[in-house]
There are 2 protein chains.
Amino acid sequence: MATIYEVAALAGVSPATVSRVFNGQTVSAEKKRLVHEAATKLAFTPNRTARRLRGQSSEIIALLIPDIENPFFTALARGVEDCAREAGYSLVLCNTDDDPAKELHYLEIVASEQMAGVILAPASDEVDLGAIVSLGRPVVAVDRTTPYPVDAVKIDNRAAGIGATTALFEAGYRRIACIAGPAGIETTEDRFLGWRQVVAARKTVLHDGYLQHANFRVDGGRAAMRALLALDTPPDAVVTTNNLMAVGALQALAAAGIAPDAFGLAVLGELPFMALTPTPFVQVRLPARHLGRTAAAMLLERIGGDAQPPRTVVLRAEVNPPEEQAL
Amino acid sequence: MATIYEVAALAGVSPATVSRVFNGQTVSAEKKRLVHEAATKLAFTPNRTARRLRGQSSEIIALLIPDIENPFFTALARGVEDCAREAGYSLVLCNTDDDPAKELHYLEIVASEQMAGVILAPASDEVDLGAIVSLGRPVVAVDRTTPYPVDAVKIDNRAAGIGATTALFEAGYRRIACIAGPAGIETTEDRFLGWRQVVAARKTVLHDGYLQHANFRVDGGRAAMRALLALDTPPDAVVTTNNLMAVGALQALAAAGIAPDAFGLAVLGELPFMALTPTPFVQVRLPARHLGRTAAAMLLERIGGDAQPPRTVVLRAEVNPPEEQAL
DNA sequence: TTGAAAGCGCTAACAT
DNA sequence: ATGTTAGCGCTTTCAA
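Every value quoted in this text rests on a predicted model; they were computed, and no experiment measured them.

## Observations concerning the relation of the copies chain A and chain B
Superposing chain A onto chain B requires a rotation of 180° together with a translation of 0.1 Å along the rotation axis, leaving an RMSD of 0.2 Å. Taken together, these values place the two copies in the relation of a two-fold axis. With an isologous cut-off of 70% or more, the 100% of interface residues of chain A that recur at the interface of chain B puts this contact in the isologous class.

Written out as structure tokens, the structure reads:
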């Protein structure tokens, strides 16, 4: 790695001039040419580490997500990346595994690496943003909110739950169950509250066990669906509150040999890579990519110095009734 | 951000002693205590940027993959991450979109950020590793190889293609087509060569158009399958050379109303998040996570100073016949 | 417009 | 065992 000193020597100018050339400062055309020539000859690339130490910040933003193998979060990541790249920022992706310890570790790295900012899908309600917030590094929470005074972008989860459940009701189902995520997580809590609101208002049949809590993954959805089917009075439809649990639920239905139309399904999220639509289902599309783009845009504004009070942007999900689920 | 100077002042020791405490050097228990106390009080975290500028390297490794939304690559990333974390390294994920320009951009960042090393799934045969190799930064190519003298981990793609095709033949299919990836990419080239070898040796029926080239995504697989079904003498089975194209092929089959057992399918890769197995199919599992772990282990060895000549590790895929595709 | 020089926070060589 | 000090490569005053 050549340094500005070597370039300066070769070009016959001072290191400061080389720096100026690479930072769009006023330098005479002649010297500019000399510097570029020398830089090319030496394959010079400015050392970002030094630049960062000096300037106390870098053009890198971090995105902390709980599960990199969940298509919802990879889509979100794409949204962030698209937006960040346009602004000349690079994206660093970190997998927290929903583990507050890993999350904290990565947040420390963000600070000590002097990254420009961080977008975070919090692992739990007990995120510790204290350090990073008091440091003044911009933070945007995405998908879930936090108790800290930082920007947030989320989905109207309650409305999504309401939309999904209502669509099932209108399709004629009357015993509508819900496979919710882990108790105590805001996102899934709101979605299941939406479900509860509708089943209560519509006076559908409701048995013990119609609300199943599961982990957010495929196996959780599968186990929950099995439990539902094993009830004395099984439901005739189910709302799954995320994408992967829906996959598990479908697997359990198929394994139980339930006929396509005999059971109603509403999915919050995109059914990832579905080869076949086994049964028409209600889909509430969650705008993952858009969530990412919005979060990135907000973060970039903060990085740019915007100091208005923290905002929370709520995006609305789009409900598609069963008929429209053609490939 | 507190600095070692502030900690040193508060603890009544020299900056060097603070540094030693945080780097496992010999420091008396008493001073160690004082330093820790002061550090805690000031919420001190060592500044990685300064440390890196000083030490010319960091505990970060980069992973460059062509498509973060492809489960094959996210599984690979998990493998890398698991291994890296155990060794105290953090992982930075970069999405190249199969674009050599983006790839080069990220490689420059790797160098100028003084990351410890990089694991790369090359976008094309024309990767430009010249700069990073001559800089001496460890590089491991994964999934695809490169013309440069760097370590590589790949799958025995030819054997995978052979296994898939043979399994279809043994299941009784005689008109076996192949949906290959873009021409000129080594990975897919080898897989389709395996297919060709078997169809030639077994003297199966082979028509023009039985070899379809497609992009690596769902839409590519779908289009290719449609083209196959539109042939005068359509095939009775197909080998798809990656996971996403298989999803597309299944979609096209379902759309065409082809009955489950009427058409043979062999998939190279995991069918991601399959809710239902529409038809028994041959699966050649590609050890994505293992690929990642292996690559990470090799990279860490290089980072540790290992200077043996470049190695290429070839992992074998595992063929599962149709019967075993239970959920 | 250009150059000289002072750090950014840390580590390691050297001295004590 | 501990302190002093010289950089790592860059940006940015301050002077010229």
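Structure shown, so let's carry the discussion forward.
## So, the UniProt feature "domain: HTH lacI-type" (unreviewed entry) in chain A
On the UniProt side, "domain: HTH lacI-type" (unreviewed entry) is annotated at positions that read residues 2-55 of chain A here. From the first C-alpha to the last, residues 2-55 of chain A spans 20 Å; its make-up is 69% helix and 0% strand.

## Here's the deal with the packing of helix α8 (residues 157-170) of chain B against helix α9 (residues 186-201) of chain B
Residue and element names in this part refer to chain B. Where α8 contacts α9, the two axes come as close as 7 Å, and the packing angle between them is 40°. If you check the angle between α8 and α9, you find them oblique. Both α8 and α9 take part in a crossing whose hand is right-handed. In contact with N157, R158, G161, I162, T165 and T166 of α8, α9 contributes T187, D190, R191, L193, G194, W195, Q197, V198 and V199. Across the contact of α8 with α9, the residue classes tally to five nonpolar, seven polar and three charged.

## Here's the deal with the protein's contact with DNA strand C
Not every one of the 25 residues close to DNA strand C is listed here, only the nearest: T17, R20 and S28 of chain A together with I4 and R54 of chain B. Of all DNA strand C atoms lying within 4 Å of any protein atom, the proportion belonging to sugar or phosphate reaches 59%. Separating a base oxygen of DNA strand C from a side-chain N or O atom of R20 of chain A is a distance of 2.5 Å. Contacts to DNA strand C include S28 of chain A, whose backbone N or O atom sits 2.6 Å from a phosphate oxygen.

## Some words on the protein's contact with DNA strand D
Contacts to DNA strand D come from 25 residues, most closely from I4 and R54 of chain A together with T17, R20 and S28 of chain B. Of all atoms in DNA strand D that approach within 4 Å of the protein, 56% are sugar or phosphate atoms. S28 of chain B has a polar backbone atom sitting 2.5 Å from a phosphate oxygen of DNA strand D. One nitrogen or oxygen atom from the side chain of Q56 of chain B is found 3.0 Å from a sugar or linking oxygen belonging to DNA strand D. Put simply, the parts of the chain that give the surface near DNA strand D at least two residues each are α1 (4-11), α2 (15-21) and α4 (48-55) of chain A together with α2 (15-21) and α4 (48-55) of chain B.

## A word on the pattern of salt bridges
For the structure on display, the rule yields 44 salt bridges over all chains. Here E113 of chain B makes a salt bridge to R48 of chain A, at a shortest N to O gap of 4.0 Å. Taken as a pair, E113 of chain B in the loop between α6 (100-112) and β3 (117-120) and R48 of chain A in helix α4 lie in two separate chains rather than in one. Its salt-bridge partner being R78 of chain B, residue D97 of chain A comes within 3.0 Å of it at the nearest N-O pair. Taken as a pair, D97 of chain A in the loop between β2 (90-95) and α6 (100-112) and R78 of chain B in helix α5 (residues 71-86) lie in two separate chains rather than in one. Residue classification places R78 of chain B among the buried residues on the basis of a relative accessible area of 8%. Each member of the salt-bridge network shares a partner with another, and the members are R48, R52 and E113 of chain A together with R52 and E113 of chain B.

## Re the packing of aromatic side chains
Any aromatic ring pair is given by two values, namely how distant the centres are and how the planes are angled relative to each other. Residue and element names in this part refer to chain A. Taken as a whole and judged by the stated rule, the model has six aromatic pairs over all chains. When the centroid spacing of 5.1 Å and the interplanar angle of 70° are considered together, the rings of F22 and F44 count as edge-to-face. Pair noted here: F22 is in the loop between α2 and α3 (29-42) and F44 is in the loop between α3 and α4, with a separation of 22 residues, a long-range link. Between F192 and W195, the aromatic rings sit 6.4 Å apart at their centres with planes inclined by 45°, giving tilted as the arrangement. You can see F192 and its partner W195 sitting in helix α9 (residues 186-201), three residues apart, about one turn around the helix. The exposure class assigned to F192 is buried, which follows from its relative accessible area of 8%. What makes W195 buried here is its relative accessible area of 2%. We note R174 situated over the ring of F169; from NZ or CZ to the ring centre the distance is 3.7 Å.

## Some thoughts on the sheet that holds strand β6 (residues 176-180) of chain B
Residues and elements named next belong to chain B. Pairing is mixed in the open sheet, where six strands are placed in the order β7-β6-β8-β9-β10-β12. The sheet is open, and its two borders are formed by β7 (211-213) and β12 (318-320), each paired with just one other strand. Averaged over all adjacent pairs, the angle separating strand axes in this sheet is 15°, with direction ignored. The pairing of strand β9 (residues 264-268) with strand β10 (residues 282-285) spans three bridges and is parallel. By the bridge assignment for β10, L268 is matched with V284. Contacting β6, β7 and β8 (237-240), helix α10 (residues 218-229) runs over the sheet at an angle of about 150° to β6.

## As for the environment of L286 of chain A
Inspection of the secondary structure assignment puts L286 of chain A in the loop between β10 (282-285) and α12 (288-303). Judged by relative accessible area, which is 7%, L286 of chain A ranks as buried.

## Description of the pairing of β3 of chain B
Residue and element names in this part refer to chain B. Residues G117 and I119 line one face of β3 and the alternating positions V118 and L120 line the opposite face, and both faces are buried. Summarising the sheet, strand β1 (residues 60-65) and β3 pair through four bridges and their orientation is parallel. In the strand pairing of β3, A62 is matched with V118. Here β3 pairs with strand β4 (residues 139-142) via three bridges, running parallel. Opposite L120, over in β4, you have A141 as the bridge partner.

Rules used throughout
In every chain, residue numbers begin from 1 and rise along the written sequence. Note on labels: chains are lettered from A, ligands numbered from 1, in written order. In keeping with the model being predicted, local features are shown solely for residues with a pLDDT of at least 70 and side-chain atom pairs are shown and tallied solely at 80 or more, while totals for entire chains, interfaces and linings include all residues. Each side-chain value is derived from all of the structure's non-hydrogen atoms; neither hydrogens nor water enter the calculation. All copies are superposed by least squares; the fitting set is the C-alpha atoms of residues with a pLDDT of at least 70 in both. Here, residues are in contact when the closest pair of their heavy atoms is within 4.5 Å. UniProt positions are given in the numbering used here, feature names are shortened, and annotations may be inferred rather than shown by experiment. For helices the rule is a DSSP run of H or I covering at least 4 residues; for strands it is a run of E covering at least 2, with both sets numbered from the N terminus onward. The axes used here are C-alpha line fits, helices contributing only the stretch in contact, and every angle between their N-to-C directions lies in the interval 0 to 180 degrees. Oblique is the label for any angle not covered by the other classes, which are roughly parallel (under 35 degrees), roughly antiparallel (over 145) and roughly perpendicular (65 to 115). The crossing is said to be left-handed when, going from far helix to near helix, the turn is anticlockwise and less than a right angle, and right-handed when the turn is clockwise. Under the scheme applied, nonpolar residues are Ala, Val, Leu, Ile, Met, Phe, Trp, Tyr, Cys and Pro; charged residues are Asp, Glu, Lys and Arg; polar residues are all the others, including Gly. Near, as used in this document, describes a residue that has one of its heavy atoms within 4 Å of the molecule or strand being considered. Definition of a polar contact: a pair of N or O atoms within 3.5 Å, with one able to donate and the other able to accept a hydrogen when the atoms are protein atoms, and with sequence-neighbouring residues admitted only if both atoms are side-chain atoms. Any Lys or Arg side-chain nitrogen found within 4 Å of a carboxyl oxygen on Asp or Glu counts as a salt bridge. We call a residue buried when its accessible area falls under 20% of the maximum for its residue type, exposed when it is over 50%, and partly exposed in between, using a 1.4 Å probe and counting protein chains only. Stacked, tilted and edge-to-face pairs are distinguished by plane angle, under 30 degrees for stacked and over 60 for edge-to-face with tilted covering the rest, among Phe, Tyr and Trp rings (Trp via its six-membered ring) whose centres lie within 6.5 Å. Placement of a positive charge over a ring is assigned whenever Lys NZ or Arg CZ falls within 6 Å of the ring centre and within 35 degrees of the normal to the ring plane. A pair of strands counts as paired when DSSP detects no fewer than two bridges linking them.

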